[in-house]
Amino acid sequence: MVVARALCAVAAAMVIVPISARAEGHAPRVMSLDSCADQYVLALAPRASIVGLSYRAGAPDSYMRAAAVGLPRRRATFESLVSARPEVVVRLWGGDARLTAALDRRGVRTVRLDDAADFDGVRANVRRVAQALDRREAGERLLARMDGQLKASAGAWKGERALYLTPGGYTAGSGTLIDAMLKASGLSNAAQGPFFSPVPLETLVMTPPRAVVLGFFDLTRAGSDRWGPGRHAALKRATGDRTIASLPGAVVGCPAWFVADATAQLAGARNAR
């Protein structure tokens, strides 16, 4: 009953302007529900149309954090959505099923991003958001930038093997965007299994990989990452002269077009040798 009453309150309070009824050229009111969705909204939506971002939009691992300054931050709750009155909501993981179902029933368009595992998935995400916001040209400009970086980076490492490593001691194998990023710069992924998995510290110290690519080491996180295996002194000694690049968390933290920045950084590291 409590949930039902809450949904009724949302239906009564939200003033919805159907997508089909908007005047031509009018940018829809848009809100993002999580930090990865923030990046797409900040890059593609006119600033005046953004009625809400997540509270992590200005965090150190937010690629578009500079653009988020001065824009409203909201929680992914019924109350926030009632207050913001968005016409389009963008999300990757933010908000629960009841919230998004309520939005769908009331005519608020919810754009669901995929956790892309390759650059084709990123292209689909960009075009999905750009279409919902009537910003197709802006979306294609983002993709042209990404594709230009990928083209310039292709084959730089000529198949040399490298292991991706986070402070928590995790690596990324096949089926991840990190794997696609490594391969786009000409690296061969040294990770043995698919997806994300821990790498035993002993293995890394006793038999260090030929080359290491670090991710997220620019961030100081609370909890296990601060003292994680990836930051162990023994591992630093074993891999210090094997590290070819340290990629910022803001670049590799979301399935978005700017992962190509990491590919360009890797290719630049190879060309600098």
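Attention here is on the structure that accompanies the text.

## Let's talk about the sheet that holds strand 1 (residues 30-32)
- Pairing in this open sheet of four strands is parallel, and the strands run 2-1-3-4 from one edge to the other. Looking at strand neighbours, the two that pair on one side only are strand 2 (50-52) and strand 4 (109-112), the edges of this open sheet. Within this sheet the neighbouring strands show an average axis-to-axis angle of 30°, counted without direction.
- When strand 3 (residues 88-91) meets strand 4, the two strands line up parallel, connected through four bridges. Bridging from a neighbouring strand, valine 90 pairs with valine 111 of strand 4.
- In the packing of helix 2 (residues 35-44) onto the sheet, contacts are made with strand 1, strand 2 and strand 3, and the angle to strand 1 comes to roughly 150°.

## Description of helix 6 (residues 119-132)
- Between its first and last C-alpha atoms helix 6 spans 20 Å; for 14 residues at 1.5 Å apiece the expected length is 20 Å, and the two agree.
- Regarding helix 6, the residues found buried are Phe119, Gly121, Val122, Arg123, Asn125, Val126, Val129, Ala130 and Ala132.
- In the core, the buried residues of helix 6 are packed alongside helix 2, strand 3, strand 4, helix 7 (136-153), helix 8 (177-184) and helix 12 (259-271).
- Where helix 6 begins, one side-chain oxygen reaches toward the backbone nitrogen of aspartate 120, 3.2 Å away; that side chain belongs to aspartate 118.
- The first or second residue beyond helix 6 is aspartate 134, which carries a positive phi of 55°.

## So, helix 12
- Across its 13 residues, helix 12 extends 19 Å between first and last C-alpha, which sits within 8% of the 18 Å expected from 1.5 Å per residue.
- For helix 12, every residue scored as buried is listed here: Val259, Ala260, Asp261, Ala262, Thr263, Leu266, Ala267 and Ala269.
- The secondary structure elements touched by the buried residues of helix 12 are helix 6, helix 7, helix 8, strand 9 (212-215), strand 10 (243-247) and helix 11 (249-252).

## Regarding the packing of aromatic side chains
- If you walk through the whole model with that rule in mind, you get four aromatic pairs.
- Between tyrosine 63 and tryptophan 257, the aromatic rings sit 6.5 Å apart at their centres with planes inclined by 85°, giving edge-to-face as the arrangement. A residue pair is termed long-range when its members are at least 10 positions apart, and tyrosine 63 in the loop between strand 2 and helix 3 (65-68) and tryptophan 257 in the loop between helix 11 and helix 12 qualify at 194 residues.
- Taken together, a centroid distance of 4.2 Å and an interplanar angle of 15° make the contact between tyrosine 63 and phenylalanine 258 stacked. With a gap of 195 residues between them, tyrosine 63 in the loop between strand 2 and helix 3 and phenylalanine 258 in the loop between helix 11 and helix 12 connect regions that are remote in the sequence.
- According to the relative accessible area criterion, tyrosine 63 is partly exposed, its value standing at 25%.
- On the basis of relative accessible area, phenylalanine 258 is assigned to the buried category, the value being 0%.
- Each residue in the set Tyr40, Tyr63, Trp257 and Phe258 is aromatic and connected to the rest through ring pairs, giving one cluster.
- Sitting above the plane of the tryptophan 157 ring, arginine 270 keeps its charged end 5.5 Å from the centroid.

## Some thoughts on the state of the cysteines
- Summed over the entire model, instances satisfying the criterion amount to one disulfide.
- The side chain of cysteine 36 participates in a disulfide bridge whose partner is cysteine 254; the two sulfur atoms lie 2.1 Å from each other. Taking the sign of the torsion about the S-S bond as the criterion, the disulfide between cysteine 36 and cysteine 254, at about -90°, is left-handed. Taken together, the residues span a long stretch of sequence, with cysteine 36 in helix 2 and cysteine 254 in the loop between helix 11 and helix 12 at a distance of 218 residues.
- Taking the relative accessible area as the measure of exposure, cysteine 36 reaches 5% and is therefore buried.

Thresholds applied
Along each chain, numbering runs from 1 in the same order as the chain's sequence is written. Note on the predicted model: pLDDT of at least 70 is required for a residue's local features to be given, and 80 or more for side-chain atom pairs to be given and counted; whole-chain, interface and lining totals, by contrast, use all residues. Heavy atoms from the whole structure form the basis of all side-chain values; hydrogens and water molecules are not counted. Each pair of strands is called paired provided DSSP finds at least two bridges between the two strands. The secondary structure listing takes helices from DSSP runs of H or I that are at least 4 residues long and strands from runs of E that are at least 2 residues long, numbered from the N terminus. To obtain an axis, a line is fitted to C-alpha atoms, over the contacting stretch when the element is a helix, and the angle between two such axes runs from 0 to 180 degrees between their N-to-C directions. Every residue pair with non-hydrogen atoms within 4.5 Å of one another is taken to be in contact. By definition here, a helix of n residues has an expected span of 1.5 Å times n minus one. Only protein chains enter the accessibility calculation, which uses a 1.4 Å probe; a residue whose area is less than 20% of its type maximum is buried, one above 50% is exposed, and one in between is partly exposed. Here a polar contact means two N or O atoms within 3.5 Å. Within protein one must be a hydrogen donor candidate and the other an acceptor candidate, and residues neighboring in sequence count only if both atoms are side-chain atoms. Centres within 6.5 Å make a pair out of two Phe, Tyr or Trp rings, where for Trp the six-membered ring is used; the pair is then stacked when the planes are under 30 degrees apart, edge-to-face when over 60, and tilted otherwise. Definition used: whenever NZ (Lys) or CZ (Arg) falls within 6 Å of the ring centre and also within 35 degrees of the ring normal, the charge is taken to sit over that ring. Defined by distance alone, a disulfide is two cysteine sulfur atoms within 2.5 Å.

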